[in-house]
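Here is what each chain is made of, one letter per residue.
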Amino acid sequence: MIVTISNEYGTGAVAIARDAAGALGYQLIDEQLPVVVAKRLQTSPEAVEATEDTRPSVGQRILSSLELSTPEVAAPDLGETFDERCLREVQGAVREYAAQGNVIIIGRASGAILGRRPDVLRIFMHAPREWRIRHVMDGTSVDEKTAAAEIDRIDAARKAYLAQWYELRWGNIANYDLSIDTASFGHKGSVALLVGIVQLGAKASQPGANAPQ
């Protein structure tokens, strides 16, 4: 199976995915992706990460709208932008890792890249905002205001990234196969749920699994 995980910031998704991957014997794909893409583009992983962590400014959005309505004022086409090159390489890397099978891929809109397939489980992890604030505070020793601001910033960036490049609404249950409230299930419960659903999906995807009995 190929598991993709999208998550609200502060849900503990990376730790859950890491323990689930260990239990399943799967490869966890997280920090490897920006490193691979950075090597291909001859840049730094930080520069690749930044393309997913920025949103167009108000001025940029106004200019884009103006260009659509009045093409004569549009800026000259200077070819593929750095963000577009990153997007292309991320998509290629996600598909390459997915081709290996038995992987859990964190973020990078991997669920949108791979789409609905019988061998793909698209997971969304979420939790109440106040719970996530406390979770971030406990894990990083920052104050409540800093934790809340970071949660809002990263969530907004992820929402904008998916909307900009894939025209999908981040967190919309129609875009996922399973939604997990990590606050309700806790770390161990979320790991057990993820492992169980992957094992169930693996059985269901086997040839003849859905044949009439």
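Our structure is the block above this text.
Residue numbers restart at each chain and count upward from 1, following the sequence in its written direction. Local features in this predicted model are restricted to residues whose pLDDT is 70 or higher, and side-chain atom pairs enter the listing and the counts only when it is 80 or higher, whereas totals over whole chains, interfaces and linings include all residues. In computing side-chain values, all of the structure's heavy atoms are included and hydrogens and water are not.

This part takes up the packing of helix H1 (residues 13-24) against helix H9 (residues 182-204). Pairs of packed helices are described in terms of their axes, by the angle between the two and the distance that separates them. Remark: H1 packs on H9, axes separated minimally by 9 Å, with the N-to-C direction vectors making an angle of 35 degrees. In terms of crossing hand, the pair formed by H1 and H9 is right-handed. Within the contact between the two elements, H1 uses Ala15, Ile16, Ala17, Asp19, Ala20, Ala23 and Leu24 and H9 uses Thr182, His187, Ser190, Val191, Leu194, Val195, Val198 and Gln199. Tallied by class, residues from the contact of H1 with H9 come to ten nonpolar, four polar and one charged. Helix axes use the C-alpha atoms of the stretch in contact, all axes being lines fitted to C-alpha atoms, and the angles between their N-to-C directions lie in the range 0 to 180 degrees. Comment: elements are numbered from the N terminus, with helices defined as DSSP H or I runs of at least four residues and strands as E runs of at least two. When the near helix sits turned anticlockwise from the far one by under a right angle, the crossing is termed left-handed; a clockwise turn instead gives a right-handed crossing. Residues are treated as being in contact if the distance between any of their heavy atoms lies within 4.5 Å. Note on residue categories: nonpolar means Ala, Val, Leu, Ile, Met, Phe, Trp, Tyr, Cys or Pro, charged means Asp, Glu, Lys or Arg, and polar means any other residue, Gly included.

Before going further, it helps to examine empty space enclosed by the protein. Of the two site types, the cavity is a set of points on a 1 Å grid over the protein atoms alone where a 1.4 Å probe fits but cannot get out, and the pocket is an open set with protein on both sides within 12 Å along at least five of seven lines, each lined by residues with an atom within 4 Å of a point. Grid points are joined across faces, edges and corners, and a volume is the space filled by probe spheres set on the points. The final tally for this structure, using the stated rule, is one cavity of 30 Å³ or more. Mapped by element, the contributors of at least two residues to the lining of the largest cavity are helix H3 (45-51), helix H5 (82-100) and helix H8 (144-166). Ranked by the residues each element gives to the lining of the largest cavity, the list is headed by H5, at four residues. Class assignment for the residues of the lining of the largest cavity results in six nonpolar, one polar and two charged.

We now examine the sheet that holds strand E4 (residues 120-126). Pairing in this open sheet of five strands is parallel, and the strands run E2-E3-E1-E4-E5 from one edge to the other. Two strands lie at the open edges of the sheet, namely strand E2 (27-29) and strand E5 (178-181), each paired on one side alone. In this sheet, adjacent strand axes meet at a mean angle of 20 degrees when their direction is disregarded. Any two strands with at least two DSSP bridges between them are considered paired. Where E2 lies against strand E3 (residues 103-106), three bridges are found, and the strand directions are parallel. Following the sheet pairing, Leu28 is matched in E3 by Ile104. Strand contacts of H5: strand E1 (2-7), E2 and E3, with the helix running at about 160 degrees to E3, the strand carrying the most contacts.

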